[in-house]
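Coordinate inspection notes
Each chain, letter by letter, is given below.
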Amino acid sequence: MEIKTKGVVLGRTFVGEKDAIIKILTENSGVISASAKGIKSMKSKLSAGCSLFSYSDFLLTESKGRYIVASTSLCEGFYGLSANIERLSYATYAAEAAAAISPDATDARALIPLLLNTFYLFSNSQKNLRLIKCVFELRLLCLLGYAPELNGCVECGDTDELCFFSPSEGGIVCRSCGNLPDTQIITKDTLTAMRYVQDADNKKAFSFSLPRQNLDEFEAATEKMLENITGYKLHSLSYLKQIAGRT
Ligand SMILES: [Zn+2]
């Protein structure tokens, strides 16, 4: 069987001397792992389209649940990422998070524009990379049906004195309900920024800046929610924290 699809390369593992297994977020079939044979050869026609973070057209052949990349053509590459280890680490984390949350085909179509936008910004933007990461995380949660409740307390529904966030309950918590096991402080400006990101359209979601303290609160909330959903701490996140000097 043949599958023709556009997709984003989220991961690549070399196998033996010439081949690789690539993990593709496809438009039509969710995340697929496919064998890219001979990709390490200088003459390989697959190497550009199968490079990490690439957005490409793929022709895949499937037999007994195993996929092989028959041909590929690059639509958009983010080569700038490999020139800077910190930017590369952020993009690797975004790719791993997208793969770990295992979107189905419908979600994948919505997720691809977010990923491409995020890779572009990690590659080129002078913005704070951590802010790009926070926006990506929150938009990822929203797209896949895990949008946090940001308008009323997740325990009592109150809309006053919203000063905590509970990643396990998935939303904000008021002062009187604040003694949940994992609540963290969230200040008004952080909440305003999170609401903005949740409601903005794709292009504008990244268009703001935030002081460090608010960024810390935002990041703690979205990172922990993602970890709760995937069920484990992503390897690329631990690595990123070392690279960014924030272990
Ligand atoms: Zn409450």
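Sequence order sets the numbering: in each chain, residues are counted from 1 along the sequence as written. In keeping with the model being predicted, local features are shown solely for residues with a pLDDT of at least 70 and side-chain atom pairs are shown and tallied solely at 80 or more, while totals for entire chains, interfaces and linings include all residues. Excluded from the side-chain calculations are hydrogens and water; all other atoms, namely the structure's heavy atoms, are used.

1. Re helix H6 (residues 235-243)
In an α-helix, one turn spans 3.6 residues; hence positions three or four apart end up facing the same way. Those residues of H6 not exposed but buried are Ser236, Leu237, Leu240 and Lys241. An end-on view of H6 places all buried positions within 140° of arc, on one side of the element. Across H6 from its buried face, at more than 90 degrees, point the exposed residues His235 and Gln242. Contact criterion: two residues are considered in contact whenever any of their non-hydrogen atoms come within 4.5 Å of each other. For the purposes of this entry, the term helix denotes a DSSP run of H or I that reaches at least four residues, the term strand denotes a run of E that reaches at least two, and both are numbered from the N terminus. Looking at the buried positions of H6, the neighbouring elements they touch are helix H1 (85-100), helix H3 (129-143) and helix H5 (212-230). The buried label applies to any residue whose accessible area, calculated with a 1.4 Å probe on protein chains only, is under 20% of its type's maximum; exposed applies above 50%, and partly exposed to all values in between. The directions considered for the arc run from the helix axis to the C-beta atoms.

2. Topic: the sheet that holds strand S7 (residues 171-174)
Strand pairing in a sheet is mediated by backbone hydrogen bonds. Such pairs are either parallel or antiparallel. Strands qualify as paired when DSSP identifies two bridges or more between them. Pairing in this open sheet of three strands is antiparallel, and the strands run S7-S6-S8 from one edge to the other. Pairing within the sheet leaves two strands with one partner each, and these edge strands are S7 and strand S8 (184-185). In this structure, strand S6 (residues 162-166) lies alongside S7, joined through four bridges in antiparallel fashion. Each residue of the ladder has a partner; that of Leu162, found in S7, is Cys174.

3. Here's the deal with the domain arrangement of the chain
Residue ranges for the domains originate in an automatic or database domain assignment. Per the domain assignment, the segments of the chain are domain 1 (2-77) and domain 2 (82-243). Once you take the C-alpha centre of each, domain 1 and domain 2 turn out to be 28 Å apart. On the side of domain 2, 16 residues touch domain 1, which itself brings 13 residues to the contact. By buried area we mean how much accessible surface two parts lose on assembly, using a 1.4 Å probe and totalling the loss over both. Taken over both partners, the interface formed by domain 1 and domain 2 buries close to 1200 Å², and the fraction arising from carbon and sulfur atoms is 81%. In protein, a polar contact requires one atom able to donate a hydrogen and another able to accept it; more generally it is a pair of N or O atoms within 3.5 Å, and residues adjacent in sequence count only if both atoms are side-chain atoms. In this assembly, domain 1 and domain 2 are joined by one residue pair in polar contact (both at pLDDT 80 or more). If you list the elements that add at least two residues to the side of domain 1 that touches domain 2, you get strand S1 (2-15), strand S2 (19-26) and strand S3 (30-36). Top element by residues in the side of domain 1 that touches domain 2 is S2. It accounts for three residues. Here the side of domain 1 that touches domain 2 is built from residues that sort into six nonpolar, four polar and three charged. Basically, the charged four are Asp, Glu, Lys and Arg, the nonpolar ten are Ala, Val, Leu, Ile, Met, Phe, Trp, Tyr, Cys and Pro, and anything else, Gly included, counts as polar.

4. What about the packing of aromatic side chains?
In this scheme Phe, Tyr and Trp rings, the latter by its six-membered ring, pair at centre separations within 6.5 Å, and the angle between planes marks the pair as stacked below 30 degrees, edge-to-face above 60, and tilted otherwise. One pass over the structure, following the stated rule, counts four aromatic pairs. For the pair Phe53 and Phe119, a centre-to-centre distance of 4.9 Å together with 55° between the ring planes defines the contact as tilted. Of this pair, Phe53 sits in the loop between S3 and strand S4 (55-63) while Phe119 is found in helix H2 (residues 105-124), placing the two residues 66 residues apart along the sequence. For Phe53, a relative accessible area of 2% puts it in the buried group. When the centroid spacing of 5.6 Å and the interplanar angle of 75° are considered together, the rings of Tyr196 and Phe208 count as edge-to-face. Here Tyr196 is found in helix H4 (residues 188-199), whereas its partner Phe208 is found in the loop between H4 and H5, with 12 residues between them in sequence. Ring pairs connect the aromatic residues Phe53, Phe78 and Phe119, which therefore count as one cluster. In this structure, Lys40 packs its charged tip against the face of Phe14, placed 4.7 Å from the ring centre. Here, over-ring charges are defined by two tests on the NZ atom of lysine or the CZ atom of arginine: distance to the ring centre within 6 Å, and angle to the ring normal within 35 degrees.

5. Some thoughts on the coordination of the zinc ion
Listed donor atoms are N, O and S within 2.8 Å of the metal (Na, K and Ca: 3.2 Å). As water is not included, a site may look incomplete. The protein atoms that coordinate the zinc ion are Cys153 (SG), Cys156 (SG), Cys174 (SG) and Cys177 (SG), at distances spanning 2.3 Å. Here the zinc ion is ringed by four donor atoms whose angles at the metal span 102 to 116°, and the overall shape comes out tetrahedral. One chain supplies every donor to the zinc ion, and in sequence these donors are spaced C-x2-C-x17-C-x2-C. Here Cys174 lies in strand S7 and Cys153 lies in the loop between H3 and S6, a separation of 21 residues in the sequence. Classification of Cys153 as buried rests on a relative accessible area of 5%. Judged by its relative accessible area of 1%, Cys174 falls in the buried class. Angle rules define the geometry names used: all angles between 85 and 135 degrees makes four donors tetrahedral, while opposite donors over 155 degrees apart and all other angles between 65 and 115 make four donors square planar and six octahedral, leaving every other case irregular.

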